[in-house]
Every structure is written in C-alpha cells, then in structure tokens.
Amino acid sequence: MEKVNFRTQVLTRHLLNNDHRGTTATAGISTSPCLSYTPPELSSKPFPFDVNSMRKLMDGHNIEDRDWLFNLMIQSNLFNPKLRGGKIFVVPDYNQSMEQQREITMKRIQYLLDHGVFEGWLTGKGFDAEMRKLALLEVIEIFDHSLAIKIGVHFFLWGGAILFFGTKRHHDKWLKASEDYHIKGCFAMTELGHGSNVRGIETITAYDSKTEEFVINTPCESAQKYWIGGAANHATHTVVFSQLNIDGNNQGVHAFITQIRDGDGNICPNIRIADCGHKIGLNGVDNGRIWFDNVRIPRENLLNSVADVSADGKYLSAIKDPDQRFGAFMAPLTSGRVTIALSAVYSTKISLAIAIRYSLTRRAFSITPNGDEVLLLDYPSHQRRLLPLLAKTYAMTFSGNYLKLLYVKRTPQLIKTLHVVSSALKATLTWHNMRTLQECREACGGQGLKTENRIGQLKGEFDVQSTFEGDNNVLMQQVSKAMLAEYVAAKRRNKPFKDLGLEHMNKSCPVIPSHLTNSTLRSAQFQGYQLAEDLGRAYSDRLILQTFIEAENNVTDTPLKEMLGLIRSMYVLVTLDEDVAFLRYGYLTVEAAATVRREIVKLCAEIRPHALSLVSSFGIPDAFLSPIAFDWVAANSWSN
C-alpha cells in the first residue's frame with residue numbers, strides 16, 4: 001500500500017504545478033511549444049580532437065580516392081538523389097521492383113566503368129593498386145550493398161579465380177577483357193546440396209582426350225549451381241567448380257572457365273539457367289541457378305596453377321597429397337571473407353552515425369513538470385545501448401585494417417594465418433553488424449522502420465553476410481580447430497608459440513586481483529590478459545584488442561590518444577561484461593563483474609559529450625546517411 005501511495009504522489013507532482021494550493025490537474029498542465037530541430041553541432045561541445053586525423057587513422061588509406069568516388073556518385077541522377085529536409089540524399093530506391101533494381105545496378109556499374117573507377121582492378125600490380133581497389137569498393141558498399149556485391153562477384157570472385165587459379169594464358173585472354181566488362185563473370189561454386197562443404201560438391205567434369213575437351217555435367221538436382229550472383233541475367237561466363245574425373249579416378253575439386261551466354265545475352269546450348277527469385281535483400285543482384293548438360297569446353301579452360309591435364313589425358317600436379325592440393329585451391333578465396341568483414345564495419349558506421357545523430361536532436365519526456373524534454377542520448381539507458389556498440393565499431397575498424405594489410409601483403413608462409421584471421425574476423429564483424437543494425441533500428445523508434453532512413457533496410461541487405469563465403473559458426477569452428485592444433489603442436493615440440501597471434505601464451509597465466517580498481521580496469525595490460533582466455537570468439541576478441549593497441553601506440557597527438565584510450569577501455573569492459581565465459585571459467589568473480597558493469601556506466605557518461613565527434617570521424621558524407629540524421633522535422637513536413 002505504501003508503494004501505491006508513493007507512486008500516486010509522484011504522478012500528482014508530475015501533473016500539477018509546484019504550487020498545489022487549490023489548483024486542479026488541468027490547470028497545472030501548460031501547452032508545450034512545438035518541437036523544432038536544433039543541429040547537434042550547436043549544442044555539443046567543440047570537438048576535443050581533430051576529426052580529420054581520426055578519420056585518416058580509421059580509413060587508413062586512399063582518402064582522396066574515397067572522396068572522389070563519393071562526389072562522383074552524388075553528381076549522377078543514377079544514384080537516386082532526393083531532396084529531404086533541405087538536404088540531398090543518395091540512397092537506392094528500394095520501392096523499385098526486383099527487375100528494376102537489377103537494371104539500375106548495371107547502369108551504375110557502366111557509369112563507374114566510364115569514369116575510370118575500375119581502372120587497374122584486375123590488371124594493376126602492386127600494393128597501391130590493391131589498396132585503391134579495396135578503398136573504392138568500401139565507398140561503393142556505403143551506397144548500396146547490391147552494387148558492391150555485383151561488382152565484387154565480377155572482380156574478386158570471377159576475376160580473382162582467373163588471377164590466382166589461372167596462369168599466363170588465362171591472364172592474357174581474360175583479365176583485361178573482364179576489367180573492361182567486355183566479359184561479365186560469375187562464380188559457380190555453391191550448389192543446392194553443398195555450401196560450406198566445398199569438397200562435397202557433386203558437379204562432375206570428365207576429360208575427352210579425343211577432342212581435347214572437358215565435359216561438364218550436373219548429375220542430379222542437388223548438384224545444380226545455386227545462388228550464383230550475376231547468373232540469372234547478365235553474366236556471360238562463369239568459373240565452374242567441379243569434381244574432376246580422369247579415367248575413372250576422382251582428382252577432387254577443380255575450376256573451369258565456361259561460357260554461359262553469347263554476346264547478345266542468349267543462353268548457350270546445353271546450359272539451363274533459372275532465377276533464384278526475390279530475396280529479403282540484395283535484389284539488385286541477379287542470383288541464379290545453373291545446370292550443365294554435357295557442356296564441352298576447351299582443355300585450356302582448366303585453371304591450372306595447381307594442377308593440369310595433358311592433351312592425352314594425364315593428370316599433372318606438383319602437389320601429390322589431395323588434401324594439400326585442395327587447400328591450395330581454397331587459399332586464394334579469402335578475398336571474399338576480407339571484403340565482407342570490411343563492408344560489415346562500414347554498415348555499422350552508417351547505422352550508428354544515423355542513430356546517434358538522431359538521439360542528439362530527438363527528445364522524449366521531461367524530468368520536471370513543464371520542463372524541457374530530455375535528449376535521447378542523455379538517458380543513461382540510451383547511452384548504454386549505443387555507445388558500447390560505437391566503441392566496438394572503432395575497435396573492429398582497426399582489426400579490419402589489419403586484415404586488409406595481411407591480405408594485400410600475403411605470402412605463402414602467411415596463408416594459414418590469413419585463413420584463420422579472415423575466418424575469425426568475418427564472423428565476428430558480421431555478427432556485430434547485425435546486432436548493431438537491430439539496436440540502432442530500435443533506438444530510432446518508428447523512424448527506423450522507414451526505408452529512406454536506411455537502417456531497417458540494411459538489416460535485410462546485410463543479413464546474408466552471416467552465411468555466405470562461409471557460415472559464421474563453421475568458420476569459428478575452423479578457428480578453434482586451428483587454435484587447438486597449434487597448441488598441441490607447440491606442446492609436442494616443447495617450443496614456444498610463434499604463430500597465429502598466440503605468443504602471449506608463452507607467458508605465465510596472469511593472476512587477476514580480487515579487487516578491481518578503476519585504474520586496473522582501464523590498463524592495457526589487464527585488458528590484454530583478460531581477452532586471451534577462450535577459443536574461437538575470444539581469439540577474435542583479443543586480436544581486435546591487439547590491433548587497437550597497435551593503432552593507438554602509433555598516435556602521437558595527445559587529445560586523439562586520450563579519446564582512443566577511453567574507447568579501448570569501453571570495448572574491453574563491454575566484452576568482459578557480455579561474455580559469460582569469464583565468469584564460467586573463473587577469471588572474473590561475481591563482485592569483479594559487477595565492478596566492470598559500473599565502470600561501463602561511467603565510461604558511457606565520459607564518452608557521451610564526444611558522441612558527435614566520434615561519428616563525424618567516420619568520414620561518411622551527409623548525403624549517404626538519412627533524413628533523420630539531420631532535420632527530421634523538416635523532412636517530415638507537409639511540403640516534403
């Protein structure tokens with residue numbers, strides 16, 4: 001009863017003026033003025049660090065090339081510019097039909113081709129060419145996932161297969177033609193019955209020594225090639241992954257260049273193609289299904305960097321072990337996992353920039369009767385929803401940059417490391433992206449449901465990342481397997497760990513203090529120890545922290561360094577708070593876990609004044625965000 005009386009008194013004080021002498025409830029409520037938009041820049045403190053320097057640190061490279069491409073897209077009506085609330089936004093029109101989205105995607109590709117965006121993407125050599133290509137793909141990803149996937153399939157999968165699986169004869173014939181889009185390629189690996197298990201694919205290719213041709217067949221319905229991006233409408237050629245049968249002996253999975261359409265777009269004889277149909281996202285990509293009925297291709301169309309077949313039908317390979325040979329075939333395919341991980345980070349940046357900017361101008365409820373309503377981001381609960389995700393996104397940006405450099409600078413000795421790192425980060429970063437999109441959608445309320453505000457639509461567009469180019473759970477199992485194998489090998493050799501980032505395990509297991517202080521929780525040494533105690537997911541967490549610390553150590557600007565220290569601490573403590581493994585294995589006591597949580601609340605309050613500067617450092621032009629990130633009142637006015 002006392003609680004009821006107390007709540008009644010609170011409600012009464014809320015409804016009445018401070019002067020309660022004889023006034024009625026209706027007399028105590030005054031009319032609030034209409035809400036208006038105030039740019040967050042006017043109410044936020046001056047930026048404590050140089051935003052451009054932070055952007056350079058995060059984007060890492062090719063800043064001018066990125067800005068050039070942003071401007072190139074803004075200038076063209078092909079990128080659907082719309083005036084909303086006094087600003088121009090370029091966002092795909094998702095109200096278009098599937099057919100219209102596919103058509104406009106190809107028109108955009110032609111526009112980018114005509115303006116030199118793809119110059120050197122397959123014929124360029126060296127570090128600078130690779131980094132420029134990745135930077136421009138990231139910009140395209142910010143505009144539209146369908147456009148980026150369509151381009152990625154052509155250049156990174158089709159083109160990458162020719163580049164890495166092929167030899168000079170293939171490079172000379174196919175690379176320049178593909179770079180100029182005289183040939184439109186796709187990548188036929190996945191089947192109806194086999195996705196992650198590539199070794200189990202059922203397409204069969206035999207060799208006919210009389211005609212010196214390979215003959216490709218789809219022996220059953222489960223062997224049909226499935227989800228092949230570009231196959232349904234536009235691709236003229238594909239790389240077919242198939243079991244190779246020589247004289248009745250299966251030599252395992254190999255790759256073959258096969259034409260599927262002529263120059264006029266007609267499907268080639270003995271090939272059947274069907275559409276995969278409408279999807280929850282990526283409808284600008286024409287995913288198709290392919291069947292092969294005794295399709296004959298020249299012997300030279302075998303991509304033969306790992307193995308070849310002589311004119312008289314002899315199987316030739318310097319790698320005799322089938323497992324090692326299969327590993328050599330799969331090694332170059334890490335490009336897909338790399339680009340997916342990178343694009344996931346930029347998707348989180350878009351959603352956080354929109355949701356945080358909105359929360360810096362949208363108000364809800366007042367603390368006192370007739371007082372001003374409170375900004376959403378001034379509520380501790382709202383801070384707790386968004387700011388830890390912001391810190392994680394910063395941390396994952398640095399790990400993405402590390403992965404990018406590891407890929408571009410790869411050597412044969414680093415193939416195993418690249419596989420493990422790309423698998424771990426692809427899974428972790430795409431999971432983080434989907435979680436962030438959902439939280440940001442909810443944090444924007446009903447406005448998050450509108451397609452023009454991007455976040456809700458991005459959920460459907462990016463959901464596929466959790467399963468394509470490797471199911472995330474399977475990839476994490478591979479990471480754990482590699483960790484265990486390295487551990488067993490090191491113990492068997494009785495030598496210290498030296499690969500896969502496990503060198504910290506050469507030191508003795510740290511003793512965690514029973515009483516955790518503020519300074520201990522924010523120390524890099526404590527944070528490094530704590531994220532070293534699990535497999536799979538924890539390997540990824542610790543790798544992300546390590547790349548963050550390395551990036552932070554290279555910064556000399558004091559304000560920038562201090563801000564990075566806050567963000568790093570938030571990343572680590574949120575990871576400790578969210579992962580029950582630290583409690584399960586006894587590395588944190590219940591009391592220590594409670595201390596961690598309290599520290600997160602403090603960090604939220606410390607980071608809150610800098611939220612605008614932190615999302616501004618993403619370097620995403622206003623036009624690529626959404627109306628609710630700016631004047632959402634004007635954007636929803638009758639005149640709009």
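Sequence order sets the numbering: in each chain, residues are counted from 1 along the sequence as written. At least 70 in pLDDT is required for a residue's local features to be given in this predicted model, at least 80 for side-chain atom pairs to be given and counted, and no such filter applies to totals for whole chains, interfaces and linings, which use all residues. As a rule here, side-chain values cover all heavy atoms of the structure and leave hydrogens and water aside.

You'll find the protein entered in an unreviewed UniProt entry as Acyl-coenzyme A oxidase, with Penstemon davidsonii given as the organism. For the record of the protein, the UniProt heading Cofactor (unreviewed entry) holds the text "FAD". UniProt positions are given in the numbering used here, feature names are shortened, and annotations may be inferred rather than shown by experiment.

I'd like a description of the overall build of the protein, backed by residues and values.
The helix and strand labels rest on DSSP assignments: H or I over at least four residues marks a helix, E over at least two residues marks a strand, and numbering proceeds from the N terminus. Regarding its fold elements, the protein presents 22 helices and 15 strands. For the exposure calls, accessible area comes from a 1.4 Å probe over protein chains only, and a residue counts as buried if that area is under 20% of its type's maximum, exposed if over 50%, partly exposed in between. The 640 residues of the protein split such that 54% are buried. Should any heavy atoms of two residues lie within 4.5 Å, those residues are considered in contact. When contacts within the protein are restricted to residue pairs at least 6 apart in sequence, long-range pairs at least 24 apart make up 73% of them. For the protein, the computed accessible surface area is about 28400 Å², with 53% contributed by carbon and sulfur atoms. Residue-level accessible areas treat just the shown protein chains as cover; the underlying method is Shrake-Rupley with a 1.4 Å probe.

Mind laying out the packing of helix α4 (residues 63-74) against helix α6 (residues 127-143), listing which residues take part and the relevant values?
The convention used is that axes are lines fitted to C-alpha atoms, helices contributing only their stretch in contact, and that angles between N-to-C directions extend from 0 to 180 degrees. With their axes 9 Å apart at the nearest point, α4 and α6 run at an angle of 35° to one another. Read as a crossing pair, α4 and α6 show a hand that is right-handed. The residues of α6 that touch α4, namely those facing D65, R66, W68, L69, F70 and M73, are R132, A135, L136, E138, V139, I140, I142 and F143. Taken together, the residues of the contact of α4 with α6 break down into 10 nonpolar, no polar and four charged. Left-handed describes a crossing whose near helix is turned anticlockwise from the far helix through less than a right angle; right-handed describes the clockwise counterpart. Residues are grouped as follows: nonpolar covers Ala, Val, Leu, Ile, Met, Phe, Trp, Tyr, Cys and Pro; charged covers Asp, Glu, Lys and Arg; every other residue, Gly included, is treated as polar.

Explain the pattern of salt bridges residue by residue, including any values.
By definition here, a salt bridge exists when the distance from a side-chain nitrogen of Lys or Arg to a carboxyl oxygen of Asp or Glu is within 4 Å. Here the structure, examined in full by the defined rule, presents 33 salt bridges. Residue K176 is joined to E179 by a salt bridge in which the shortest nitrogen-to-oxygen separation is 3.8 Å. Linking K176 with E179, this pair stays in helix α8 (residues 168-179), spanning three residues, or about one helical turn. Taken together, the salt bridges that share partners define one network made up of R55, D59, R66, D67, E138 and K404.

A description of the environment of V215 should follow, citing residues and the corresponding values.
Structurally, the position occupied by V215 is in strand β5 (residues 213-217). For the pair formed by V215 and V295, sequence separation is 80 residues and the distance between their alpha carbons is 5.4 Å. For V215, the residues in contact, after removing those within four places along its chain, are I204, T205, A206, N294, V295 and R296.

Can you tell me about the packing of aromatic side chains, naming the residues and giving the values?
Think of it this way: a Phe, Tyr or Trp ring, Trp meaning its six-membered ring, pairs with another when their centres are within 6.5 Å, and the plane angle makes it stacked under 30 degrees, edge-to-face over 60, tilted otherwise. For the structure shown, the criterion picks out 19 aromatic pairs. Between the aromatic rings of W158 and W174, the centroid separation amounts to 6.2 Å while the plane-to-plane angle is 90°, which identifies the pairing as edge-to-face. In this pair, W158 is assigned in helix α7 (residues 145-165) and W174 in helix α8, connecting sequence segments 16 residues apart. Each member of the pair, W158 as well as W174, carries the same accessibility label: buried. Each member of the aromatic cluster is reached from another via a ring pair, and the members are F118, W121, F155, F156 and Y181. When the NZ atom of lysine or the CZ atom of arginine is within 6 Å of a ring's centre and also within 35 degrees of its normal, the charge is said to sit over that ring. Here the basic side chain of K87 rests over the ring of F630, its NZ or CZ set 4.7 Å away from the ring centre. It is K349 that lies over the ring of Y346; its NZ or CZ is 4.4 Å from the centre.

Account for the packing of α6 against helix α11 (residues 380-408), naming residues and giving values.
Two elements in contact, α6 and α11, have axes separated by 10 Å at closest approach and are oriented at 140°. Overall, the two elements α6 and α11 adopt an arrangement that is oblique. Taken as a pair, α6 and α11 cross one another with a handedness that is right-handed. Of α11, the residues touching α6 (which contributes F127, E130, M131, L134 and E138) are K404, L405, Y407 and V408. Across the contact of α6 with α11, the residue classes tally to six nonpolar, no polar and three charged. Every angle not falling under 35 degrees, over 145, or within 65 to 115 is termed oblique; those three ranges are roughly parallel, roughly antiparallel and roughly perpendicular.

Tell me what's going on with the nonpolar core, and back it up with residues and numbers.
Nine residue types can take part in a nonpolar core, namely buried Ala, Val, Leu, Ile, Met, Phe, Trp, Tyr and Cys, and a core is a set of them joined through side-chain atoms within 4.5 Å. In this structure, L112, F118, W121, I151, F241 and I356 are the most contacted members of the largest nonpolar core, which totals 172 residues. Each residue touching I151, except ones within four places of it in the same chain, is listed here: I109, L112, F118, W121, L137, I140, F156 and Y181.

Give a description of the environment of Q457 that names residues and reports values.
Secondary-structure assignment places Q457 in helix α13 (residues 455-462). What makes Q457 buried here is its relative accessible area of 18%. Along the sequence, Q457 and I280 sit 177 residues apart, while their C-alpha atoms lie 9.2 Å from each other. What Q457 contacts, discounting residues up to four positions off in sequence, is Y94 and T451.

Summarise empty space enclosed by the protein; cite the residues concerned and give the values.
A water-sized probe, rolled over the atoms, reveals where empty space remains. A pocket, in this scheme, is an open set of points on a 1 Å grid over the protein atoms alone with protein on both sides within 12 Å along at least 5 of 7 lines, while a cavity is a set where a 1.4 Å probe fits but cannot get out; residues line either one if an atom lies within 4 Å of a point. Grid points are joined across faces, edges and corners, and a volume is the space filled by probe spheres set on the points. By the definition in use, this model includes seven cavities of 30 Å³ or more. Along the walls of the largest cavity sit M106, I109, K150, V153, H154, Y181, K184, G185, G229, G230, H234 and A235, which together make up its complete lining. In terms of residues, the lining of the largest cavity owes the most to one element, α7, which gives three residues. Here the lining of the largest cavity is built from residues that sort into five nonpolar, five polar and two charged.

Can you explain unusual backbone geometry? Please cite residues and give values.
Trans is the prevailing form of peptide bonds, just as negative phi is the prevailing case for residues other than glycine. Notably, L282 is not glycine yet its phi reads approximately 60°, a positive angle. For L282, the location among the structural elements is in the loop between β9 (271-275) and β10 (287-292). Positive phi values are uncommon outside glycine, yet F365 reaches one of about 65°. Relative to the helices and strands, F365 resides in strand β14 (residues 363-366).

So what's going on with the pairing of strand β4 (residues 204-208)? Which residues, and what values?
Relative to β5, β4 runs antiparallel, the two sharing five bridges. Residue T205 lies in a different strand from β5, and its bridge partner there is I216. A pair of strands is treated as paired once DSSP finds two or more bridges between them. Once β4 ends, the chain turns through four residues before running back antiparallel as β5, passing E212 with a positive phi of about 55°. Pairing of β4 with strand β7 (residues 237-246) involves three bridges; the strand directions are parallel. Bridged to A206 within β7 is N245.

Describe in detail a nonpolar patch on the surface, supporting the description with residues and values.
Patch membership is restricted to residues that have no salt bridge and whose relative accessible area is over 30%. Joining uses 9 Å for like charges and 5 Å for the nonpolar side chains Val, Leu, Ile, Met, Phe, Trp and Tyr. Side chains of V580, L583 and V590 sit close together on the surface and give an oily, nonpolar patch of about 260 Å² of accessible area. Among the secondary structure elements, V590 is positioned in helix α20 (residues 590-607). Of the residues examined, V590 reaches a relative accessible area of 61% and is grouped as exposed.

Mind laying out helix α17 (residues 537-553), listing which residues take part and the relevant values?
How far a helix is expected to stretch is found by multiplying one less than its residue total by 1.5 Å. Along its 17 residues, α17 runs 25 Å from first to last C-alpha, staying within 8% of the 24 Å computed at 1.5 Å per residue. Most of α17 is tucked away: 13 of the 17 residues are buried.

So what's going on with the sheet that holds strand β6 (residues 225-229)? Residues and values would help.
Overall, antiparallel pairing links the three strands, which are arranged β6-β10-β9 in an open sheet. Of all the strands in the sheet, the pair left with one neighbour each is β6 and β9. For this sheet, the mean inter-axis angle between neighbouring strands, taken without regard to orientation, is 35°.

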